[in-house]
Each structure stands twice: as structure tokens, then as C-alpha cells.
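Coordinates in review
Residue-level listing of the chains:
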Amino acid sequence: MRVIESGPDDPVTRELLQAYFAERVEGFAAGTYRVPSPDPARFAPPGVFLRIDEDDGAPLACGGLREIEPDHGRRMEVKHLFVAPAARGSGIGRRLLGLLEAHARREGAAWLVLDTNRSLAAAAGLYRSSGFLPVAPFNDNPNATDWYAKSLVPGA
């Protein structure tokens, strides 16, 4: 497998994101899912957007990391973490989340945060088993029902 630093506007990554958003629209039970248009500039350094491909080039997963509130505890937010259906259950989501966390640590982030929807039970399980704890909402994402945070500072 290959890890590729891309952007949400990369053609292959964009196809993965379109599959993700289509799946969210189809399975969304809390009203109408609002499909975002990820702005590549939001993932510029110190952020990153990654894709994991099979060695033959087949895309398996993608996800991004963007800095929010750089002057308030240096938080970075995980966004658009998606694993293609054929790759689910393989551990690729955990690997991708670990790569994003490692990047946040290298960039000196104190906190890693994310939001999700309760309909994504497997994702919430991944986040909790990776050390994320429920927190009060930190944004006004209309698609989110649950918010999580993980301290990246030892002993915090």
C-alpha cells in the first residue's frame, strides 16, 4: 500500500470523496445531509490531506487534517475520513487515523478533534478505541451529532 499526500481536489481523491458524500446522503437519517465542498486551502500546511492506495493504484481511503484556532491550544481537526467499502474491516481506517495523528503531533498540535454523526457507529467505535473522548460541540456542522477530542500532550 502507498500513502499519498494529495488534496481534496486531486481527481482520484475527489472520486473517493464523491463516493463518501453519496453514501452519506443515502444513509443520512437526521434530516438532509449537506454536501460540503472541501476547500483545498483549508488543508494547506500545517494541515494535510492523505490518500491510501493499493500498490496497483486502486484508492482505498482518504482523510484530511486542518488547523483550527492556532492560537488557542493548537487544535487540528480530522475531516472527511473515508474508507472504500471493499477495504472496510481491514484496519485501513485505523492506519489512516494514526497517520493523521502522527502528522498533528509533528506539527505541535495539542489537541486532535473531529465531529461525526451517530449514524456512523463504526467510525465512532474507531474514534473511541483510538483514545478520543466525547466533548461539547466545537463547531456548527449541521451534519454532526457527536464531537470528540484527543489530547496530544503527555499527561494532559
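What counts and how
- Residues numbered from 1 in each chain as written.
- Predicted model: local features only at pLDDT ≥ 70, side-chain atom pairs only at ≥ 80, totals over all residues.
- Heavy atoms only, no water.
- Pairing = 2+ DSSP bridges.
- Helix = DSSP H or I, 4+ residues; strand = E, 2+ residues; numbered from the N terminus.
- Axes fitted to C-alpha atoms, helices over the stretch in contact; angles between N-to-C directions.
- 1 Å grid on protein atoms, 1.4 Å probe; cavity = no way out; pocket = protein on both sides within 12 Å on 5 of 7 lines; lining within 4 Å.
- Points joined across faces, edges and corners; volume = space filled by probe spheres on them.
- Nonpolar A, V, L, I, M, F, W, Y, C, P; charged D, E, K, R; others polar.

**Some remarks on the sheet that holds strand E7 (residues 146-151)**
Taken in spatial order, the seven strands line up as E1-E2-E3-E4-E5-E7-E6 in an open sheet, and their pairing is mixed. The outermost strands of the open sheet, each flanked by one partner alone, are strand E1 (2-6) and strand E6 (133-135). Pairwise comparison of adjacent strand axes, ignoring direction, gives a mean angle of 30° for this sheet. Relative to strand E2 (residues 48-53), E1 is paired through five bridges, and the arrangement is antiparallel. Directly across from valine 3, in E2, lies its bridge partner isoleucine 52.

**Points about the layout of surface pockets**
One water molecule sets the probe size; rolling that probe over the atoms shows where empty space is left. The space that makes up the largest pocket amounts to roughly 960 Å³. Tyr20, His80, Leu81, Leu120 and Tyr127 are the residues nearest the centre of the largest pocket, which is lined by 44 residues in total. Sorting the residues of the lining of the largest pocket by element identifies helix H1 (11-27), strand E3 (59-68), strand E4 (75-83), helix H2 (92-106), strand E5 (111-116) and helix H3 (121-129) as the ones contributing at least two each. When residues of the lining of the largest pocket are assigned to their parent elements, the largest contribution, seven residues, is made by E4. Each residue belonging to the lining of the largest pocket can be placed in one class, and the counts come to 21 nonpolar, eleven polar and twelve charged.

**What to know about unusual backbone geometry**
Note: most peptide bonds trans; most residues except glycine with negative phi. Proline 46 follows proline 45 through a cis peptide bond whose omega is 15°. Along the polypeptide, proline 46 turns up in the loop between H1 and E2. Of note, histidine 80 is a non-glycine position whose phi angle comes to about 60°, a positive value. In this fold, histidine 80 is placed in strand E4.

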